Amino acid sequence: MKRFLRYFRSRRFDDDLRAEMQAHLDEKADELMAEGASPRDARAAARRRFGNQTWLQERCRERWSFALADELLQDLRYTIRMLRRNPAFSAVAVLSLALGIGANSVIFSTVDGVLLRSLPYPHAGRLFAMWSRSASHGAENMHVSPADFYDWRAQSHAFESLAAYASWPMNLTDVDEPRRLETELVSASLFQALGSRAQLGRTFAPDEDQEQSAPVVVISHHLWRALGEPPVAGHRLTLNGSLYTVIGVMPVAFAFPSRHTDAWVPLSLDAKNRASREGRWLQVIGRLRSGATPRDAAAEMDVIASRLAAAYPATNAGWSVTLVPLQEELVGKTRPILLTLQACGLLLLLITCANLANLLLARGAARGHEIGMRTALGAGRARVLRQLMVESAALAVLGGVLGLALASRGIALVRTAGEGLIPRAAGISLSAPVVWFALVATAATVLIFGLAPALHVSRADLRAPIGSGARGTPRNVEHKRGVLVAVEIALSAVLLVATGLLARSLIRLLAVAPGLRTDHMLTMTLTLPHAKYPSNAAQAAFFQQVLDRANTLPGVTAAAEISDTPLEGNNPTFEFVIEGAVRSPSAPPVQAGLRVISAGYLRAAGIPLIRGRAFTSGDRAGAMPVAIVNETMAQRYWPSADPVRRTLRLKDEPHWITVVGVVPDVKHMGLKTHEGPVIYIPYAQKTQEWLAWTTLLLRTTSDPLSVAPATRAMIRSLDRNQPVGAIGTLNETLNRSTALPRFSAAVTGAVSGLALLIAVIGVYGLLAYTVAQRRPELGIRLTLGASPARMSWLLLRQAMLRSIAGIAGGLVAAWWLSRGMASLLFEVRPHDPVTFAAVAVALIIASLAAVAWPVRRATKIDPMAALRAE
Amino acid sequence: MAMNPRNDLLPGTLEMLILVTLGQEPLHGYVIAQRIQQASEDLLHIEEGSLYPALQRLLIEAWVTAKWGMSARNRRVRIYTLTAAGRKQLEVETRRVGRAIDGITRVMRLAGA
């Protein structure tokens, strides 16, 4: 038909028709002239007998157009009839297609939005994060000291600009409700390096981060709206008790370093801090000069680092620089899980296609009779093929549309569920590339599952089915379906292994004891402004006041404070000197995490003492400085002795601290991480003036959050301008730390559950089909005395051999693929034998369950009835 | 001028007449027209040109194929050939028409004369 269509569309059609009609007229005229008419009369008579040539040509054209339109309509009508006559088939086909396409679109949108789409900065590929690295300190991605940053900036040529930033929460006061702002201290060059402009006002001028510069602030769009959208010019904010002039508002989309950042304040360091190489606390990004390669830059930074190491061996010996593309830095950790999910989605789509091909093959075989009939009645092979294609296309289009609808719902879900879980989650959307992907997936599916059975059916001997009634069973259909079912089983096996590994590692993760009691625990953070609480004494006094008042709140059984929230805490480490320890100069220095706690912290958090005593109210400023160490610290530095009554000191401080107790390790930075050696000191004896913050922990009798308003009010009654931040519960923190593993296990679980269901239906469907097709033969065997048991065994063996082949293939593929998941797993190896064995057993049991019913039915065949039906 | 060439004919009759004509040998349009006129002894008054829309229908149904050739007068013409499907259709049509005429004849006999 296509050939005709092309012919009809061509100009040749009209030319041919005209030439043909002209030839007719000429023939007629010749004949009339032979009969004696004059040429003129002959031509006139010929035309008269012929009729209106133009009108006739139009009729000829019409015939073709009508035929074409008619046939398409027929196909469509026929398709709708077929789909409605087999509602179960249509529903299964469309739904599984929709789920396959929908799941893939959601996952692909996520991968696209998070991993592929470049960051919203001009020439974002030229942006790099820069880290300090020292193998001997075990520091991989360490922050950068201010002096190093300024030296890098002065000496580097490969970078067009370098910028530093550090998270520095500040308190916003002199507003209705004081609040804690997520503020970043940034070098004035930050916005220039990113290439971002303010939406209102301006960003920092190059010299606005000097020590004497007037205090200015750039605010985020959401803070600007929260403040009531004030005019930018001359607006002032009180931050940590000082006045700052607002100079600019960033656009909504600007989110550096995070979406939660409220404001940017210049990093105005005094001369002493500027020259410091001790504390590494700045994060650094650089923009490559156009034309410079990352290799040039890395080589240059190596030279600069070794120059600094030679000049300042005490602080810089052994330190080098790592460059990481900024996009990689922001989303790199999410890559393995997203790619794993993407792979699962593609496997699901493959299973869906196999399943549909399977369904269509079965239906094609069942329709052999009908197709044979249509061919006998004169339908061309091309016509039958096209009809089958129209049917497949209709299924694919329905599935695709439904799939996209599902996808848009799913993407909304990922956006909300992924908030805080996946970086850049807010940027995920059903965008053009995703629509294209769905369309390509749909088209590919049509080709895979539509054309293959269509070719198969129309290639089959079309006369055979008519002769044998409706029961023509091309043996090779069964064989093909057998292969498809085995493939479905194999793909399910791969998915189940992925799910099994993630689930087992999640179980391991959830079984990790956090080392402290997390139930009924309210947490909130307090950051004191230095201007108002400049000294350690003033800070400690305020924190103690808060504790005293909190202990009297109704519903609170214990109150405590710690410098970093447990379970997602930072772990600032410091160098220590241990008294009496003889260490070789080449040995790495003693580094330990430092946590400042209130006297009642250990009891309130449920951390038991292994040795010695807890802090008491007697451990005040001026009394003997005391510390408690964790077990790792004790074992590492006093392996053969009791650490209690031993002394140590911070490297840069003169006074010695006496260890008074030992406590077990706590999962301070999250369930997956060991906290390493840790030293606890009491707030009352804190010597770090910069450490002006605390996390307040309240153990409550009922829902912890119900106590939050009273606690807030209590703190405001102590200091009207003191905001609190990050109100939550310790259980929420714990859940957050396992949210991503739970999310991935749930998604792969759902995907593989669906795949398993499809595969089981495939196994069942094929055997049920075989039994139905072989009913007469089975009936004869029973009549001739075959035992039902032996017959069941034969059928069972046939079906199970297929499943076992599928399982074996799937496990081999999974063995090869699961290595890619290593970084997602926790205390489970990618080749975990338990998971592989469990998947094999589960699939064997599922296959047995799927074949049980058809096998039973085969043994129940009434031989006489089966034979009569022939 | 009444333009509907089928005014005098039952629908599909012209197509059937063409099939019958081509059943004997492949022919070009002008000869088909002549044969039909002669065979029906000019009973059927049709415009010769109305042959062509009917031929399109047969082409669409793939009952005939057409290819360019030479007429007896050495003129370039399209020659139509019956296909296997066309032959099958001719049988079906012949049976159908035969039955119809049988029926009509019987009714006519009953009615009268």
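These remarks concern the structure in this document. (Residues numbered from 1 in each chain as written. Chains lettered and ligands numbered in written order. Predicted model: local features only at pLDDT ≥ 70, side-chain atom pairs only at ≥ 80, totals over all residues.)

## Comments concerning the overall build of chain B
Note the cut-off: Under the DSSP-based scheme used, a helix requires at least four consecutive residues in state H or I and a strand at least two consecutive residues in state E, with every element numbered from the N terminus. Each residue is classed by its C-beta neighbour count within 10 Å, where at least 20 other C-beta atoms makes it buried, 12 or fewer makes it exposed, and intermediate counts make it partly exposed; the C-beta atoms are placed from backbone geometry. Each residue gets a C-beta atom placed from its backbone, and two residues are in contact if those atoms lie within 7 Å.
What chain B contains, in helices and strands, is four helices and three strands. In chain B, the succession of helices and strands from N to C terminus is α-β-α-α-β-β-α. Out of the 113 residues belonging to chain B, those deemed buried represent 29%. Restricting to contacts in chain B with at least 6 residues of sequence separation, those with at least 24 account for 57%.

## Looking at the interface of chain A and chain B
Cut-off, in case you're wondering: In the scheme used here, Gly and all other residues not listed as nonpolar or charged are polar, with Ala, Val, Leu, Ile, Met, Phe, Trp, Tyr, Cys and Pro taken as nonpolar and Asp, Glu, Lys and Arg as charged.
Taken together, the contact between chain A and chain B spans 22 residues of the former and 22 residues of the latter. Residue assignment for the side of chain A that touches chain B shows that the elements contributing at least two residues are α2 (11-34), α3 (39-50) and α4 (53-85) of chain A. Here the side of chain A that touches chain B is composed, by residue class, of eight nonpolar, six polar and eight charged.

## What to know about the pairing of strand β14 (residues 521-527) of chain A
Residue and element names in this part refer to chain A. Basically, it comes down to this: Any two strands are treated as partners once DSSP identifies two or more bridges connecting them.
Counting buried residues along β14, five of its seven residues qualify, which places the element largely inside the surrounding structure. As defined by bridge partners, β14 adjoins strand β23 (residues 693-700) across seven bridges and the pair is classed as antiparallel. Residue pairing in the sheet places threonine 525 in a bridge with threonine 695 of β23. Bridge count for β14 against strand β24 (residues 725-729) is three bridges, and the pairing is antiparallel. Bridged to threonine 523 within β24 is glycine 728.

## Some points on α4 of chain A
Each turn of an α-helix holds 3.6 residues, which means side chains three or four residues apart point in the same direction. Applicable threshold: Every helix has an expected span of 1.5 Å times one less than the residues it contains.
Relative to the 48 Å expected for 33 residues at 1.5 Å per residue, α4 of chain A spans 47 Å between its end C-alpha atoms, a close match to the ideal helical length. Along α4 of chain A, the residues that are buried comprise Leu56, Cys60 and Arg63 of chain A.

## Here's the deal with the nonpolar core
Considering soluble globular proteins, one finds that nonpolar side chains tend to be buried as a cluster. All names here are of chain A. As a reminder of what qualifies: Each nonpolar core reported here comprises buried Ala, Val, Leu, Ile, Met, Phe, Trp, Tyr and Cys residues connected via C-beta atoms within 7 Å.
Core analysis: the biggest nonpolar cluster contains 89 residues, and Ala493, Val494, Leu495, Val497, Ala755 and Val763 have the highest contact counts within it. Going through the elements one at a time, α5 (87-116), α13 (335-366), α15 (381-417), α18 (475-511), α24 (739-773), α25 (775-783), α26 (788-817) and α27 (833-859) are the ones with two or more residues in this core. If one sorts the elements of this core by residue count, α18 sits on top with 19 residues. Among all residues touching alanine 493, those that are not within four sequence positions of it are Gly806, Ile807, Gly810, Leu811, Ala814, Val839 and Leu843.

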